[in-house]
Amino acid sequence: MRYRRWRPDRVRSNPFTSSFSKRISKFFSFALPLALAAAAAGCSTVPLKQAGTLSSYSNLGPPKGKLQKSRIYVDGTGLAPAKTVAIAPTTFAFSAATRIKSPDDRTMVSNALDRALCISLSDKYRIVAPGEPADLTIRSVVTDIVPTNKAMAGVSAVVTVGTGFVLPVGVPRLPAGLGGLAVEAEAVDGSGVQRAAMVWSRGANSLQNEPRVSDVGDAYGLASKFSSEFSRMLIARKEPKGLDLSLPSGQRMKSWLGGKPKYAACDTFGREPGLIGAVAGKYGAPPQWTEKKPKPAAIYQPKAQP
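Heads up: these notes are all about the structure in this document. Since this is a predicted model, take the numbers as computed values, not measurements.

**Brief notes about the pairing of strand β2 (residues 84-87)**
With burial as the criterion, each face of β2 is covered, one bearing Thr-84 and Ala-86 and the other bearing Val-85 and Ile-87. Two elements, β2 and strand β4 (residues 126-128), share three bridges in a ladder whose sense is parallel. What sits directly across from Ala-86, in β4, is Val-128.

Following this line, the structure appears as structure tokens:
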């Protein structure tokens, strides 16, 4: 029996498969660039806003940045001797508080901000509980908050996750209903002298912020962005510039995965949701579903005088 040599160029192609492939290719050539263009253009704009809570605004530099705006002051010489830090719980300015009805949502945002500060600053400083003697005390206030449109966030999550299953890449978040956050904070020494301050604002955008079905879905994620910038400034004792490309420390990784923080004072603000929170965020779940409740803060009692 004679066998014919198989030649791949003579295999008949499936007309349906060929047609489907062409349609997919055509879809990508038109839809993906449009989606990326829309996503790049889509971002929430949050202006810098002062709430009058800083001990001084006169030291602040001029506004800088576009996507992320800030005015900064840092006294590198004055920060040099500091070894201990206390983080006062973040509060909301009245105008910002009225935009978020749920007290639990406001608490969740402030805890996320303070927790991220606590974890980052633990790389250099010893963190003590509020009320204990400290070289530096950090006070932060949310001056403005743009609520996330939950309906649009839900649609975006469905579209992004759904296209991720049938296409090589997911379509970026829809550029509508995006939230934002504005914060002012300062670090004062034991004498009440301002050693660093920052007025900061940032809006969510379609490429960098995952949609989460919550009024504070974007503010919750942006809180850690602010904390990263403020802690970088205190650790370096100078204005942060460019992206932070340094590798996270072991204690940061452990804390970000939901483990025990380096200092017990950080437990005051709860622990990170870890991998469960990251997966939930990918599917648009509200941060309330995975956020861990903080432990009650220990009350500092000064020693009685003999």
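**A short note on the layout of surface pockets**
Considered as a void within the structure, the largest pocket measures approximately 1600 Å³ in volume. If you trace the largest pocket, you find 50 residues lining it, with Gly-221, Leu-222, Ser-224, Lys-225 and Ser-228 closest to the centre. The set of elements that each furnish at least two residues to the lining of the largest pocket consists of β1 (68-74), α4 (103-121), α6 (217-236), α7 (250-256) and α8 (274-282). Broken down by element, the residue count for the lining of the largest pocket peaks at 12 residues, all from α6. Roughly 250 Å³ of volume is contained in the second largest pocket.

**Here's the deal with the state of the cysteines**
As enumerated under the stated definition, the model contains one disulfide in all. Put simply, Cys-118 and Cys-266 are joined by a disulfide, and their sulfur atoms are 2.1 Å apart. In this structure the cystine formed by Cys-118 and Cys-266 twists about its S-S bond by roughly -90°; its chirality is therefore left-handed. Of the two residues, Cys-118 sits in helix α4 while Cys-266 sits in the loop between α7 and α8, which places them 148 residues apart along the sequence. For the residue pair Cys-118 and Cys-266, the accessibility class agrees, reading buried in each case.

**Brief notes about the nonpolar core**
In this structure, Ile-127, Ile-138, Ile-145, Leu-181, Phe-230 and Leu-234 are the most contacted members of the largest nonpolar core, which totals 42 residues. Of all the secondary structure elements, the ones that give two or more residues to this core are β2, α3 (94-97), α4, β5 (136-146), β6 (180-189), β7 (194-203) and α6. Per-element tally for this core: the top contributor is α6, with eight residues. Ignoring sequence-local partners within four residues, the contact set of Ile-127 consists of Val-85, Cys-118, Leu-121, Ser-122, Tyr-263, Ala-265 and Cys-266.

**Let's talk about the packing of aromatic side chains**
Aromatic ring pairs are reported here in terms of the distance separating the ring centres and the angle at which the planes meet. Evaluated as defined, the whole model comprises two aromatic pairs. A centroid spacing of 5.5 Å and a plane angle of 65° characterise the contact between Trp-200 and Phe-226, whose relative ring orientation is edge-to-face. In this pair, Trp-200 is assigned in strand β7 and Phe-226 in helix α6, connecting sequence segments 26 residues apart. Pair check on accessibility: Trp-200 and Phe-226 agree, each one buried. Grouped by ring-pair contacts, the aromatic residues Trp-200, Phe-226 and Phe-230 constitute a single cluster.

**Quick word on empty space enclosed by the protein**
Enumeration over the complete set of coordinates arrives at two cavities of 30 Å³ or more. A volume near 40 Å³ is recorded for the second largest cavity. Along the lines of polarity and charge, the residues of the lining of the second largest cavity split into three nonpolar, three polar and three charged.

**Section: the environment of Asn-111**
Positionally, Asn-111 belongs in helix α4. With a relative accessible area of 11%, Asn-111 lands in the buried category. Put simply, Asn-111 and Phe-269 are 158 residues apart on the chain and 5.0 Å apart in space, counted from C-alpha to C-alpha. Sequence-distant contacts of Asn-111, that is, excluding residues within four places in its chain, are made with Phe-269 and Pro-294.

What counts and what doesn't
Residues numbered from 1 in each chain as written. Predicted model: local features only at pLDDT ≥ 70, side-chain atom pairs only at ≥ 80, totals over all residues. Heavy atoms only, no water. Buried < 20%, exposed > 50% of the residue type's maximum accessible area, 1.4 Å probe, protein only. Helix = DSSP H or I, 4+ residues; strand = E, 2+ residues; numbered from the N terminus. Pairing = 2+ DSSP bridges. 1 Å grid on protein atoms, 1.4 Å probe; cavity = no way out; pocket = protein on both sides within 12 Å on 5 of 7 lines; lining within 4 Å. Points joined across faces, edges and corners; volume = space filled by probe spheres on them. Disulfide = S-S within 2.5 Å. Core = buried A, V, L, I, M, F, W, Y, C linked by side-chain atoms within 4.5 Å. Contact = heavy atoms within 4.5 Å. Phe/Tyr/Trp six-rings, centres within 6.5 Å; stacked < 30°, edge-to-face > 60°. Nonpolar A, V, L, I, M, F, W, Y, C, P; charged D, E, K, R; others polar.

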